[in-house]
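Residue strings, one per chain:
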Amino acid sequence: MTGPVVRPYGDSTGDGMVQVSFTLPLAHDKRAEGAALQLAAKMGLEPAMLVHARQMGDGFTFFVVYGRVGHLVDLAAVRVVERDYPLLSAKEVNGLIRRRLRRKLSVVGACIGTDAHTVGIDAILNVKGIAGEKGLEYYRELRVTNLGAQVSVPDLVAAARAEKADAVLVSQVVTQRDAHLHNTREMSAAFREALPAGRRPLLVVGGPRFDELMADELGVDRIFGRGTTPGEVASFLVHRLVPAGAGIRARRGAMAGVEAEVGG
């Protein structure tokens, strides 16, 4: 351990108690409950208590187990992707694009493959947005094309070319058999094959099960996880696509200068 450590909190601080859930391919009976407790013990929960068990169709049972683990979390060893760009308001995003890019910034979004869950991409793109924050369609200097669900990779590439997309946003919710990873690799490879490096749009993917540290491995420019807001995405697009200047980098620290530029 190289830094401060923490343990899970259950009934009291640092008692190491955690709750986990899983499904076993067994009909619900005493044997199945014993199997769940055996698994919990092998996972390091000692002692483990079975707090919930419910039959999930023929031959499957869902379990919730509560127990103590002895593991410590070394906070110095935690690796995450921190936001490395300033969070801009819609007014600032519009002002900087208009002043520096001198044209609208084209964004194409979709759910690719068999993924039909458009809640995420709609929350980011549609004007209604999410949690009181309006989506990218609200930004006057963004031209948004939302292709919807189950878009094939070739169709996405064709749409991006037709719209002269500066950025392509892809949402992936379905994760069975790592479908979100396979689809993302296929998408990034297709854009690399179709367009030379200097003409490829910025590739951004998002979804609840992505590891934000895997951007390079998947061949994309950024991965956004749970809880991402339209403002975070819009600010990232400006950070990467609009020529940077002192006003962007020091947004909050030199607010007067930025506001003067945005209002110009």
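Figured I'd write up the structure that's included with this text. (Residues numbered from 1 in each chain as written. Predicted model: local features only at pLDDT ≥ 70, side-chain atom pairs only at ≥ 80, totals over all residues. Heavy atoms only, no water.)

Let's talk about the overall build of the protein chain
Thinking step 1. Looking only at helices and strands, the protein chain has nine helices and 10 strands in total.
Thinking step 2. In terms of C-alpha radius of gyration, the protein chain reaches 23 Å, well past the compact-globule figure of 18 Å for 264 residues.
Thinking step 3. When each of the 264 residues of the protein chain is scored for burial, the buried share is 42%.
Thinking step 4. The long-range share in the protein chain, meaning contacts at least 24 apart out of those at least 6 apart in sequence, stands at 66%.
Thinking step 5. About 14,400 Å² of surface is accessible on the protein chain, with carbon and sulfur atoms providing 52% of the total.
Thinking step 6. Taken together, the 33 basic and 29 acidic charged side chains of the protein chain have centroids lying 6 Å from each other. (Helix = DSSP H or I, 4+ residues; strand = E, 2+ residues; numbered from the N terminus. Rg over C-alpha atoms; globule rule 2.2 N^0.38 Å. Buried < 20%, exposed > 50% of the residue type's maximum accessible area, 1.4 Å probe, protein only. Contact = heavy atoms within 4.5 Å. Areas by Shrake-Rupley, 256 points an atom, 1.4 Å probe, with all protein chains shown as cover. Lys, Arg positive; Asp, Glu negative; His and termini not counted. Charge placed at Lys NZ, Arg CZ, Asp CG, Glu CD.)

Concerning the environment of Phe191
Thinking step 1. In this fold, Phe191 is placed in helix 5 (residues 179-194).
Thinking step 2. Between the C-alpha atom of Phe191 and that of Val157, which follows or precedes it by 34 residues, the distance is 6.5 Å.
Thinking step 3. The contacts of Phe191, once residues within four sequence positions are left out, are Leu156, Val157, Ala160, Val168, Arg200, Pro201 and Leu203.

Some words on the sheet that holds strand 9 (residues 202-206)
Thinking step 1. Strand order in this open sheet of five strands is 7-6-8-9-10, and the pairing throughout is parallel. Only two strands of the sheet have a single neighbouring strand rather than two, namely strand 7 (142-146) and strand 10 (222-224). In this sheet, neighbouring strand axes are inclined to one another by 20° on average, regardless of whether the strands run parallel or antiparallel.
Thinking step 2. Against the sheet, helix 7 (residues 230-241) contacts strand 6 (105-111), strand 8 (167-171), strand 9 and strand 10, and its axis sits at roughly 160° relative to strand 9. (Pairing = 2+ DSSP bridges. Axes fitted to C-alpha atoms, helices over the stretch in contact; angles between N-to-C directions.)

Observations regarding the pairing of strand 6
Thinking step 1. Among the seven residues in strand 6, seven count as buried, and that is most of the element.
Thinking step 2. What you see with strand 6 is no split at all: Leu105, Val107, Gly109 and Cys111 on one side and Ser106, Val108 and Ala110 on the other are buried throughout.
Thinking step 3. Relative to strand 7, strand 6 is paired through five bridges, and the arrangement is parallel. Each residue of the ladder has a partner; that of Ser106, found in strand 7, is Arg143.
Thinking step 4. Tracing the backbone out of strand 6, into helix 3 (residues 119-125) and back to the parallel element strand 7 gives a crossover that is right-handed.
Thinking step 5. Where strand 6 lies against strand 8, five bridges are found, and the strand directions are parallel. Looking at the pairing, Val107 lines up with Ala167 of strand 8. (Right-handed = clockwise from strand over helix to strand, strands pointing away.)

Purely spatial values, then, with no claim about function.
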